Amino acid sequence: MKGSHKFSLKKRYPVPALFALFCVLTWGVRANGISTHHLNSILTADTTKPGTDTGRVRRPDSIFRAAADTSKPGDSARTARTDTFSYKLSKDTLDAPVTYEAEDSAVIMVPEKKIVLYGKTHTTYKDVVLDAPRVELDQKTNILVATGEKDSLGQTVTRARMTEGENKFQSDTIKYNFKSQKGLLTNTITQQNEMFIHADVSKKVNASTVFIKGGRFTTCDLDEPHFAFRANKLKIINNKVAVSGPMHPEFEGVPVPIYLPFGYYPMSRGRHSGILAPQFVATENQGIGLEGLGYYRVINDYWDATLRGSIYSYGGWRADLTTGYRKRYRYDGNFNLSFLTAKQNFKGDPDYSSSKTFNITWGHRTDQRARPGVTFSANVNAGSVKYNSLVPGNLQRNLTNQLQSSISYTKNWIGKPYMLTMSANHNQNSATGLINLTLPDANFNVNTIYPFQRKDLIGTPKWYEKLGVGYNGSFSNRIAFYDSAFSLKKVTDTMTWGATHSVPLTLSLPSLGPVLVSPGISFQQQWLMARRFLTWNDAKKQIDTVSQKGIYTASSLAFSLGVNTSVFGTYQFRRSRLMALRHTIRPQFSFSYTPNLARGYYRNYQSDSLGTITNYNIYQAAGQNVNFGFSNSEFGGIGFGIENVLEAKLRSRKDTGENAIRKIHLIDGLGFSSSYNFLADRKKLGNVEMHLRSTLFDKVNLNVQGNLNPYGVDQNGLESDEYAWKSGFGFGRVTNLSVSLSTQFRSKPRDPSKANTATPINNNNNNPTQYADPMLAGDQSRLMDYMRRNPTEFVDFNIPYDLGLDFALNISRNYLRDYKVQKTVNAGMNFRSSFSLTPKWNFSTYGFYDVSTMKLTALSLAINRDLHCWQMSIGLSPLGTQRYFSISISPKSGLLQNLKINRTRYFTDF
């Protein structure tokens, strides 16, 4: 049953029209059991004269269809006449139609001016939508009564559901006045943002205010919530605030005897200023602490700030100021300043120590749409060298001893070949205390331009039109100092600067079949700030130095001719899943000549009383230059190398068609490169660089690099001029070998529709403390602290298992006297895992294993339980300088983030 009608309390209809309406409707309802007439064609008013209370109502075709059927045969030209009548419009007439439909039946009682709908009814008035098993509309009072459906035991089977704008209600009974928008609801469930409110009786006094008697409010979305706060009286102003009288919590329907005199709950959307609740912790060295007490302040639409503080019973404290800013389509960023004073034990204790540290992080980025061609970004992480090691409960940060920062500005002239990049970089080693600053680091590049090329290319271009020239210029100023010996004078004394200019000339020749020939000329010049001369003083038996500062230059010129090609080979398989193997060989061959322009700044001096003559570089001896010139040698020879790529084509057992065939990269790169200098007096063959890169089955990333020295060594451990195979060292000496391997095995989600709805524990294979988003890297401290406080938000229960492994190996070999070999091996392995044993339980680990010492140096364990509307996490770190144990139970909703049970205890070794 579908229809629409405008109800009015004082609308008067003429008697003939009402009689005809009554006869047709009652006959259709009572004779057939259900009426199919649309009420929007029964009474639809249309005012014809402005300022008057008269109008015309068009009689529907459905009413007068019988009269049309009584026309005589052959009177096809006869048209139906439309009668009209006049009526008064009441002031309380609804300003919009009420449309409805019923799946079962509808009963229209004309004398009582009521309509009763049965069976999955759907009623709409403006933004009010009502779905209920039974609905009764009263025209006299403009009141709608919707009731739910109950079974034989009196239990509610289907509720009446009402939506008004953004407000949704589910009730056993709903009484609603269309005109005044007042209503009375029983056994109601409604949602306000993250809060679900269960009410015995609700009284809606206007469009935005509701009074509740016998209410429960919770963040659990079940009909019978796991927990709730019960109050006898409650007032709600939509999307603004909720206020209750005396209240107490209950779990699984069991009341907890903890009462509060009143409750005040901000419910407006968006950001809100307010107090941030702390948590209690217990540490071995700093005592009992109160962590995280703070205040969040919304400054304006673009800025906010958070101030947090922590205090410990032994006198230590921590303060964090974090600000965030964002302007859409322009820029966004955050800034964090942290002070940490760690006091281990009480004063007078033999193990007492006190450390004052700080840390600054800043992340900023601009939107490219704001200024096309201009970008500015910042990723700053700087502070005291001991700060990371003193942060409690953060194992990954405790193991980090490198702090790096970068601020860069890039200007790209659109439509022109110019690009300018300026940056400031910072590197800090907390283990050694060495700080390196590069301020500024500027680069100006001109992409290759073709000065002889015609503006309008017609026909085949001449060879000289492919002659291109470019420019690369850079300037760098560097400062290096130890944090323990910081002073302005020492900083200025260690300041070094340098500049480099490079002008490459290239020529693109037509390909000679499969062979590409590319000649080129490159000129480079370095600007240096100091030089130093060394002489032997016979009287004092020492070396005298004379240093000079100024602007000095060192130049280099190189000519090259490169020849490249590719050779392909394919082997087909029959009656096998392995369809084909494709082997690609890319040989590389080049001729080059570099004259020696560095003889002028290489000198000889007597280095000891025995008269030993040593050759040295006057720019390198100064120790204050960024660059040191070029090598004191002439090169005229060849460079050669080979690159191999191996691919396979595999047929799937499950799929068919195009999806059944997929390509697999078996070897991404396997090859070597070296050089041979025909003009060298000795050691003409250069070292052989070897490499292997592979992504096996898209799962295992393997990278192997090695250096092979083709010369042997003498009895003193010094490199000789004889080839290794002549000195008994085989094909050569492997002086360095590095192997890195990383892999991740991640299962498919249990429910594909919920894929990527949770944040994984770690989203970077190489360094778990770095994140893809630079804004997160700039605010690493706050993010890691939030992860520790809310661990289940970073666990994906939808993934049954997730395993990750990173392995790194570095081997270096040096020869000593009597052919003894000094081997240095550094190897380590990061591992992480996440197992969702059930859809609600997750077990995760993170650790570091030092292969060199065969010891497990760091381990972190976590057990997480999804409690539907609550979350539980147990964390344990039994190894490392900072060990801890924590257990936390808290609601998932951010509205109740401070309502949690937390117990954390730290154990620190220094």
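None of these values were measured; they are calculated from a predicted model.

Draft legend 1. Structural context of the overall build of the chain. Scanning the chain for helices and strands turns up 8 helices and 54 strands. In the chain, buried positions account for 38% of the 910 residues. Accessible surface, the chain as shown: approximately 51700 Å² in total, 57% of it carbon and sulfur.

Draft legend 2. Examining the packing of aromatic side chains more closely. Applying the stated criterion to the full structure yields 25 aromatic pairs. Measuring from centroid to centroid gives 5.9 Å for Phe217 and Phe229, while their planes differ by 20 degrees, and the two rings are stacked. In this pair, Phe217 sits in strand 16 (residues 209-218) while Phe229 sits in strand 17 (residues 227-237), placing the two residues 12 residues apart along the sequence. Note on accessibility: Phe217 and Phe229 belong to one class, buried. The interplanar angle of 80 degrees and the centroid separation of 4.9 Å between the aromatic rings of Phe589 and Phe591 together place this pair among those described as edge-to-face. Overall, the relative accessible area of 40% leaves Phe591 in the partly exposed class. Ring-pair connections join several aromatic residues into one group, and the members of that group are Phe217, Phe227, Phe229, Phe251 and Trp870. Lys327 extends its terminal NZ or CZ atom over the ring of Tyr302, reaching a point 5.5 Å from the ring centre. Sitting above the plane of the Trp413 ring, Lys411 keeps its charged end 5.6 Å from the centroid.

Draft legend 3. Quick look at the side chain of Thr341. With respect to the element layout, Thr341 can be found in strand 27 (residues 331-344). The class of Thr341 is buried, set by a relative accessible area of 5%. Not counting residues up to four positions away in its chain, the partners in contact with Thr341 are Gln286, Gly316, Trp317, Ser355 and Lys356.

Draft legend 4. Fine view of the pairing of strand 51 (residues 855-867). Pairing analysis gives 10 bridges linking strand 50 (residues 841-850) to strand 51, with the strands arranged antiparallel. Paired with Asp850 across the bridge in strand 51 is Lys855. The hairpin formed by strand 50 and strand 51 contains 4 residues between the paired strands, and Met854 there has a positive phi angle of roughly 55 degrees. In this structure, strand 51 lies alongside strand 52 (residues 870-877), joined through 7 bridges in antiparallel fashion.

Draft legend 5. Focus on a nonpolar patch on the surface. Taken together, the side chains of Val503, Leu505, Ile521, Phe523, Phe559, Tyr593, Phe678 and Leu679 present a nonpolar region at the surface, about 630 Å² in accessible area. The set of elements that each furnish at least two residues to the nonpolar patch consists of strand 34 (496-507) and strand 35 (516-537). For Phe559, the location among the structural elements is in strand 36 (residues 542-564). Assessed through its relative accessible area of 34%, Phe559 is described here as partly exposed.

Draft legend 6. Quick look at the nonpolar core. Formed by 24 residues in total, the largest nonpolar core has its most connected members in Leu117, Val135, Leu137, Ala146 and Ile174. Secondary-structure elements contributing two or more residues to this core are strand 4 (98-101), strand 5 (105-109), strand 6 (114-125), strand 7 (128-138), strand 8 (143-147), strand 11 (160-164) and strand 13 (173-177). The contact partners of Val135, leaving out residues within four places of it in the chain, are Ile115, Val116, Leu117, Thr121, Thr123, Leu130, Leu144, Val145 and Ala146.

Draft legend 7. Local environment of the pairing of strand 17. Inspection of the sheet shows strand 16 paired to strand 17 by 8 bridges, in the antiparallel sense. Across the sheet, Gly215 pairs through a bridge with Ala231, a residue of strand 17. Across 5 bridges, the pairing between strand 17 and strand 19 (residues 247-251) is antiparallel. The partner of Phe227 across the bridge, within strand 19, is Phe251. Alignment of strand 17 against strand 18 (residues 241-244), held across 4 bridges, turns out to be antiparallel. Following the sheet pairing, Ile237 is matched in strand 18 by Val241. Hairpin connection between strand 17 and strand 18: a loop of 3 residues separates the two successive antiparallel strands, and Asn239 in this loop has a positive phi of roughly 55 degrees.

Draft legend 8. Fine view of the environment of Val515. With respect to the helices, strands and loops of the structure, Val515 is situated in the loop between strand 34 and strand 35. Taking the C-alpha atoms as reference points, Val515 and Asn564, 49 residues apart in sequence, are found 5.8 Å from one another. Setting aside residues no more than four positions away along its own chain, Val515 makes contact with Val563, Asn564 and Thr565.

Draft legend 9. Expanded view of the environment of Leu879. For Leu879, the location among the structural elements is in the loop between strand 52 and strand 53 (882-891). Overall, the relative accessible area of 28% leaves Leu879 in the partly exposed class. Separated by 22 residues in sequence, Leu879 and Thr857 have C-alpha atoms that sit 6.5 Å apart.

Draft legend 10. Geometry of the pattern of salt bridges. Under the definition given, this model contains 18 salt bridges. Salt-bridge contacts for Arg216 lead to Glu250; the nearest nitrogen and oxygen are separated by 3.7 Å. Residue Arg216 is found in strand 16, and its partner Glu250 is found in strand 19; the two are separated by 34 residues along the sequence. We classify Arg216 as buried; its relative accessible area is 16%. You can call Glu250 buried: its relative accessible area is 5%. A salt bridge links Asp721 to Arg682; the shortest N-O distance between them is 2.6 Å. One end of the pair, Asp721, is in strand 46 (residues 719-723); the other, Arg682, is in the loop between strand 42 (661-677) and strand 43 (688-696), with 39 residues separating them in the sequence. Using a relative accessible area of 42% as the deciding quantity, one classes Asp721 as partly exposed.

Draft legend 11. Structural view of the environment of Phe486. With respect to the helices and strands, the residue Phe486 is situated in the loop between strand 33 (467-482) and helix 5 (488-493). Given a relative accessible area of 56%, Phe486 falls into the exposed group. Spatially, the C-alpha atom of Phe486 lies 9.9 Å from that of Ile435, the residues being 51 residues apart in sequence. In contact with Phe486, other than residues within four places in its own chain, are Phe481 and Val491.

Draft legend 12. Just the state of the cysteines, in detail. Summed over the entire model, instances satisfying the criterion amount to 0 disulfides. Of the cysteine sulfurs around Cys220, a residue in no disulfide, the closest is that of Cys869, at 3.7 Å. Its relative accessible area of 1% is what places Cys220 among the buried residues.

Draft legend 13. Examining the confidence of the model for the chain more closely. In this model, the chain carries a mean pLDDT of 79, and residues with pLDDT of at least 70 account for 83%. Counting contacts from residues 1-77, a segment whose pLDDT is below 50, to residues more than four positions away or on other chains yields 133 contacts. Note that residues 759-781 has pLDDT below 50 and, in this model, 57 contacts with residues that lie over four places away or in other chains.

Draft legend 14. Examining the side chain of Arg832 more closely. Considering the arrangement of structural elements, one finds Arg832 in strand 49 (residues 821-838). On the basis of relative accessible area, Arg832 is assigned to the buried category, the value being 13%. In this structure the side chain of Arg832 is engaged in a polar contact, spanning 3.1 Å, whose partner is the side chain of Asp806.

Draft legend 15. Examining unusual backbone geometry more closely. In this structure, the amide linkage connecting Leu439 to the following residue, Pro440, adopts the cis form with an omega of -5 degrees. When you line up the elements, Pro440 lands in strand 32 (residues 434-449). Positive phi outside glycine occurs at Asn187, with the angle close to 45 degrees. Along the chain, Asn187 falls in strand 14 (residues 183-192). On the accessibility criterion, Asn187 (36% relative accessible area) is partly exposed.

The rules we used
- Residues numbered from 1 in each chain as written.
- Predicted model: local features only at pLDDT ≥ 70, side-chain atom pairs only at ≥ 80, totals over all residues.
- Heavy atoms only, no water.
- Helix = DSSP H or I, 4+ residues; strand = E, 2+ residues; numbered from the N terminus.
- Buried < 20%, exposed > 50% of the residue type's maximum accessible area, 1.4 Å probe, protein only.
- Areas by Shrake-Rupley, 256 points an atom, 1.4 Å probe, with all protein chains shown as cover.
- Phe/Tyr/Trp six-rings, centres within 6.5 Å; stacked < 30°, edge-to-face > 60°.
- Lys NZ or Arg CZ within 6 Å of the ring centre and 35° of its normal.
- Contact = heavy atoms within 4.5 Å.
- Pairing = 2+ DSSP bridges.
- Patch = residues over 30% accessible without salt bridge, like charges linked within 9 Å, V, L, I, M, F, W, Y side chains within 5 Å.
- Salt bridge = Lys/Arg side-chain N within 4 Å of Asp/Glu carboxyl O.
- Core = buried A, V, L, I, M, F, W, Y, C linked by side-chain atoms within 4.5 Å.
- Disulfide = S-S within 2.5 Å.
- pLDDT = per-residue confidence, 0-100.
- Polar contact = N/O pair within 3.5 Å; in protein donor to acceptor, adjacent residues only side chain to side chain.

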